[in-house]
Every structure is written in C-alpha cells, then in structure tokens.
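Inside the fold
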Amino acid sequence: MISFPTALCRRGVGDAEVAYSDEDLIGCSTVRPPTDDTLTVTVIARVLAAHRGQGFGEEISARGLSRARELGAEVIETVVLSSNEDGLRFALK
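Residues numbered from 1 in each chain as written. Predicted model: local features only at pLDDT ≥ 70, side-chain atom pairs only at ≥ 80, totals over all residues. Heavy atoms only, no water.

A few words now on the environment of D24. For D24, the location among the structural elements is in strand β2 (residues 24-32). Accessibility expressed as a relative area gives 47% for D24, which makes it partly exposed. Counting along the chain gives 27 residues from D24 to H51, while the straight-line C-alpha distance between them is 9.7 Å. Excluding residues that lie within four positions of it along the chain, D24 makes contacts with A19 and H51. (Helix = DSSP H or I, 4+ residues; strand = E, 2+ residues; numbered from the N terminus. Buried < 20%, exposed > 50% of the residue type's maximum accessible area, 1.4 Å probe, protein only. Contact = heavy atoms within 4.5 Å.)

Given below as structure tokens:
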C-alpha cells in the first residue's frame, strides 16, 4: 500500500480503475502511459487474495492491456511484488 502523499503525487500519472463484484472490492489496475520515445506502457493489475483464482485478474488485465494498446504501446510492462506468488505465476503465463 502506498501512502496518501505518494498517491497524491502519482495522481494524473496514469489511468486507474477499481473493480467490484456487486459491492465487494475485488482489486484494481493502473495503466501508466509512455513517458518517452519508447512507447512503453506499464499495466499493473491487483486482485485481493480472497478473490484470486476466479478469473478477475484476467478481466482486470485485459482491460489494462486494451487501454495500453489505445495509448499506442509498442512494449507493455508489468510490475508484480516478489512476495505475491499468485501474481508472479499469473504474470508469467
């Protein structure tokens, strides 16, 4: 989790979405647009542990990848915490 001041600094840096199923928070995503001539976009998808393995990560990631393509991405990167074994397995698919 990032601090509130850090979140304020990142405001406007990318597209963020929050995913719900009915009223349950499932996860979120961030799509950071290219910042240089490389046309590299970063897509980060997060799913809360209680909701993993149910296809939500695929849906959230697909939305992020679609947005990355809209931004003209030639390269798409992601970020996964090394402690998130589920996330690492998902990202390596």
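Attention now moves to helix α2 (residues 56-70). An α-helix turns once every 3.6 residues. As a result, residues three or four positions apart point the same way. Helix length check: α2 (15 residues) gives 21 Å between terminal C-alpha atoms against 21 Å at 1.5 Å per residue, within 8%. Here α2 has its buried residues at G57, I60, S61, G64 and A68. The buried residues of α2 all sit within an arc of 95° when viewed along its axis, so they share a single face. Opposite the buried face of α2, at more than 90 degrees from it, the exposed residues are E59, R63, R69 and E70. Taken together, the buried residues of α2 touch β1 (15-21), β2, β3 (40-47), β4 (75-77) and α3 (85-91). Remark: G72 follows α2 within two positions and exhibits a positive phi of approximately 85°. (Expected span 1.5 Å × (residues − 1). Arc of directions from axis to C-beta.)

Bringing the pattern of salt bridges into the picture now. Under the criterion given, the structure shown has five salt bridges. When the shortest N-O distance is used, the salt bridge between D86 and R52 registers 3.8 Å. Of this pair, D86 sits in helix α3 while R52 sits in the loop between β3 and α2, placing them 34 residues apart in sequence. Since its relative accessible area comes to 32%, R52 is described here as partly exposed. Residue R89 is joined to D86 by a salt bridge in which the shortest nitrogen-to-oxygen separation is 2.5 Å. Of this pair, R89 and D86 both sit in helix α3, separated by three residues, roughly a single helical turn. (Salt bridge = Lys/Arg side-chain N within 4 Å of Asp/Glu carboxyl O.)

The next thing to look at is the layout of surface pockets. In this model, the second largest pocket occupies a volume close to 170 Å³. Lining the second largest pocket, in full, are E17, V18, A19, Y20, S21, I26, C28, S29, F56, E59, I60 and R63. Only β1, β2 and α2 provide two or more residues apiece to the lining of the second largest pocket. Looking at the lining of the second largest pocket, the element that brings in the most residues is β1, giving five residues. Here the residues of the lining of the second largest pocket sort into seven nonpolar, two polar and three charged. (1 Å grid on protein atoms, 1.4 Å probe; cavity = no way out; pocket = protein on both sides within 12 Å on 5 of 7 lines; lining within 4 Å. Points joined across faces, edges and corners; volume = space filled by probe spheres on them. Nonpolar A, V, L, I, M, F, W, Y, C, P; charged D, E, K, R; others polar.)

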